[in-house]
Amino acid sequence: MLRTHKLGEADRIITLLTRSNGRVRAVAKGVRRTTSKFGSRLEPFTHVDLQLAEGRNLDIITQAETKSPFSAALGFDYERYTAGTVMLETAERLVSEEKQPSLQQFLLLVGGLRAMASGERCPGQVLDSYLLRSLAVAGYAPTFDGCAHCGREGPHRWFNPSMGGMLCSTCRLPGSANPAPETIGVLGALLAGDWPVVEIAEPRHLKEAGGLVAAFLAWHLERSLRSMEHVER
Ligand SMILES: [Zn+2]
């Protein structure tokens, strides 16, 4: 479940990311009645098994069975909840076309929410790793070693979201960020899921990496996500 909208008196339109059909919108009839057979199963963050029937405009949800109620683990922790909300919003934006299969995005999101709900890692690190990977799956893989423009071997000093990552001194654009070398190492580890490197990183490098990930995401989504403002860095 990515998002829900009210529809009429008692229904909702539910936006889903599905394993085999990509992003889908479907109607849940009567879901806002207290007697609804769906209960709280059709809320954001919940991983469900669904049955859909073809409707006139949108499909109609006929059955829902909870697989993982991530909402229960995320709903009680402000930091995890806000970071998880950014993940849902990002998945919805990156899977831009309805009913276009996006298995990799689906698996990344479920894996990311599971990591977020488990509480084993810092929410900001789970979020940043998810964001870099989902951008990479969407075709916007950032470059942290070679120069993103000319390909010259790094390490390089300049980061520019609009150019796709690190830039050498020749290709550097005005306004590029000049992160600490350790921060660039953290970014590469977050993208690769190299957690031992992330775990020993200093807070200031993790924080700087988070700011660059947010800038990179905002560039590719053509605006920053409102939900990102609530993530504490
Ligand atoms: Zn270059």
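What comes next is a walk through the structure.

Basis of the calculations
- Residues numbered from 1 in each chain as written.
- Predicted model: local features only at pLDDT ≥ 70, side-chain atom pairs only at ≥ 80, totals over all residues.
- Heavy atoms only, no water.
- Helix = DSSP H or I, 4+ residues; strand = E, 2+ residues; numbered from the N terminus.
- Rg over C-alpha atoms; globule rule 2.2 N^0.38 Å.
- Buried < 20%, exposed > 50% of the residue type's maximum accessible area, 1.4 Å probe, protein only.
- Contact = heavy atoms within 4.5 Å.
- Lys, Arg positive; Asp, Glu negative; His and termini not counted.
- Charge placed at Lys NZ, Arg CZ, Asp CG, Glu CD.
- Expected span 1.5 Å × (residues − 1).
- Phe/Tyr/Trp six-rings, centres within 6.5 Å; stacked < 30°, edge-to-face > 60°.
- Lys NZ or Arg CZ within 6 Å of the ring centre and 35° of its normal.
- Donors = N, O, S within 2.8 Å, 3.2 Å for Na, K, Ca; no water.
- Tetrahedral: all angles 85-135°; square planar, octahedral: opposite > 155°, others 65-115°.
- Core = buried A, V, L, I, M, F, W, Y, C linked by side-chain atoms within 4.5 Å.

## Focus on the overall build of the protein chain
Point 1. Across its full length, the protein chain holds seven helices and seven strands.
Point 2. Across the protein chain, helices and strands are ordered from the amino to the carboxyl terminus as β-β-β-β-β-α-α-α-α-β-β-α-α-α.
Point 3. The globule rule puts the C-alpha radius of gyration for 233 residues at 17 Å, and the 19 Å found for the protein chain is close to it.
Point 4. Across the 233 residues that make up the protein chain, the buried fraction comes to 44%.
Point 5. Contacts spanning at least 24 positions in sequence make up 52% of the contacts within the protein chain whose residues lie at least 6 apart.
Point 6. For the protein chain, the separation between the mean place of its 27 positive charges and that of its 25 negative charges on side chains is 5 Å.

## Topic: helix α2 (residues 78–94)
Point 1. Taking 1.5 Å of rise per residue, 17 residues should cover 24 Å, and α2 covers 24 Å from first to last C-alpha, within 8% of that figure.
Point 2. Restricting attention to buried positions, one finds in α2 the residues R80, T82, A83, G84, V86, M87, L88, T90, A91, E92 and L94.

## As for the environment of A141
Point 1. With respect to the helices, strands and loops of the structure, A141 is situated in the loop between α4 (123–137) and β6 (158–160).
Point 2. Each C-alpha atom of the pair A141 and G164 lies 7.4 Å from the other, and the pair is 23 residues apart in sequence.
Point 3. When residues no more than four places from it in sequence are discounted, the contact partners of A141 are L135, A136 and G164.

## Observations concerning the packing of aromatic side chains
Point 1. Per the stated rule, a full pass over the model turns up three aromatic pairs.
Point 2. Between F45 and Y81, the ring centres sit 5.5 Å apart and the planes meet at 65°, which makes this aromatic pair edge-to-face. Here Y81 lies in helix α2 and F45 lies in the loop between β3 (22–28) and β4 (46–53), a separation of 36 residues in the sequence.
Point 3. Looking at Y81, the relative accessible area reads 39%, which means it is partly exposed.
Point 4. Summarising the aromatic geometry, the rings of F159 and F216 are spaced 6.2 Å apart at their centres and angled 50° between planes, so their arrangement reads as tilted. Taken together, the positions of F159 in strand β6 and F216 in helix α7 (residues 203–220) put the pair 57 residues apart, joining distant regions of the chain.
Point 5. Aromatic ring contacts, followed pair by pair, group F144, F159 and F216 into a single cluster.
Point 6. The cationic tip of R172 hangs over the ring face of W158; the distance from NZ or CZ to the ring centre is 3.8 Å.

## As for the coordination of the zinc ion
Point 1. Protein-derived coordination of the zinc ion comes from C147 (SG), C150 (SG), C168 (SG) and C171 (SG), at a distance range of 2.3 Å.
Point 2. Geometry at the zinc ion is tetrahedral, judged from the four donor atoms that bind it and their angles of 102 to 114° at the metal.
Point 3. Every donor residue of the zinc ion comes from the same chain, spaced as C-x2-C-x17-C-x2-C. Pair check on accessibility: C168 and C171 agree, each one buried.

## Some details on the side chain of T82
Point 1. With respect to the secondary-structure elements, T82 resides in helix α2.
Point 2. Among the residues examined, T82 registers a relative accessible area of 7% and is labelled buried.
Point 3. Those residues in contact with T82 that lie beyond four places of it in its chain are H230 and V231.

## Side note on the nonpolar core
Point 1. Grouped together as the largest cluster of nonpolar side chains are 45 residues, with contacts concentrated most on L109, L113, L127 and L131.
Point 2. Elements that contribute at least two residues to this core include exactly α1 (70–74), α2, α3 (103–118), α4, α5 (181–192), α6 (195–199) and α7.
Point 3. Those residues in contact with L127, other than ones at most four positions away along the chain, are A83, V86, M87, M116, V231 and R233.

## Examining the environment of V48
Point 1. Along the chain, V48 turns up in strand β4.
Point 2. Placed 170 residues apart in sequence, V48 and A218 show a C-alpha to C-alpha distance of 29 Å.
Point 3. Those residues within four positions of V48 in sequence are excluded, and the remaining contacts are M1, R41, E65, T66 and K67.

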